[in-house]
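# Observations on chain architecture
In case you want the letters, here they are:
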Amino acid sequence: MDNCVFCKIVRGEIPSKKIYEDADVFAFHDIHPAAPIHFMLIPKLHIGSLDEVEDKHRSLLGEMMVLIPRLAREQGCTDGFRTIINTGRVGGQEVHHLHIHIVGGRERLPAMIPHSRQKE
Ligand code: AMP
């Protein structure tokens, strides 16, 4: 997609702090990190959002899921991490190219979904 920011990152037209690339996917640090570790994994193929995923994307998405823990460990997530996929208007998606945020650090992240009793 000509005007997609993440497609431009994949093509090298916009600089990024790349952490991983293979034939199908690209991973890079978020420009506005929300935590000490915050990077994104995207498919090179332009898929607008999780809402646009089809059966033909099954193995691509599987590859991404399998890659996440490896990249998270390499980036320093030694005791867990959070993955976030914002989808569409309601999900607060700003960049319309499917991306998985991987967020972590040393400290426990604030809960996104309230629990009746927060464990320490
Ligand atoms: P989302 O709300 O899930 O669509 O989030 C989009 C994310 O992309 C935000 O966290 C932005 O900080 C990040 N972002 C936007 N432009 C860039 C860029 N050029 N390089 C790295 N991250 C970016």
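Everything below is about the structure printed above this text.
Residues numbered from 1 in each chain as written. Predicted model: local features only at pLDDT ≥ 70, side-chain atom pairs only at ≥ 80, totals over all residues. Heavy atoms only, no water.

Next up on the list: the side chain of serine 49. With respect to the element layout, serine 49 can be found in the loop between strand E3 (37–43) and helix H2 (58–74). Residue serine 49 is classed as buried on the basis of its relative accessible area of 5%. Within the structure, the side chain of serine 49 is placed 3.0 Å from the backbone nitrogen of aspartate 51, a separation counted as a polar contact. Those residues within four positions of serine 49 in sequence are excluded, and the remaining contacts are Thr87, Gln93 and Leu98. (Helix = DSSP H or I, 4+ residues; strand = E, 2+ residues; numbered from the N terminus. Buried < 20%, exposed > 50% of the residue type's maximum accessible area, 1.4 Å probe, protein only. Polar contact = N/O pair within 3.5 Å; in protein donor to acceptor, adjacent residues only side chain to side chain. Contact = heavy atoms within 4.5 Å.)

Asp30, Glu94, Val95, His99 and His101 are the nearest of the 15 residues found near the ligand. Residue isoleucine 31 places a main-chain N or O atom 3.1 Å away from a nitrogen atom belonging to the ligand. Looking at the shell around the ligand, the elements that each hand over two or more residues are helix H1 (5–11) and strand E2 (25–29). For the shell around the ligand, the per-class residue count stands at six nonpolar, seven polar and two charged. (Near = heavy atom within 4 Å. Nonpolar A, V, L, I, M, F, W, Y, C, P; charged D, E, K, R; others polar.)

A separate point is the packing of aromatic side chains. Considering all chains together, one arrives at two aromatic pairs under this definition. Centre to centre, the rings of phenylalanine 6 and phenylalanine 28 are 5.2 Å apart; their planes meet at 75°, and the pair counts as edge-to-face. You can see phenylalanine 6 sitting in helix H1 and its partner phenylalanine 28 sitting in strand E2, a full 22 residues away along the chain. By the burial criterion, phenylalanine 6 is buried, and phenylalanine 28 matches it. (Phe/Tyr/Trp six-rings, centres within 6.5 Å; stacked < 30°, edge-to-face > 60°.)

Keep in mind that these numbers describe shape and distance, not what the molecule does.
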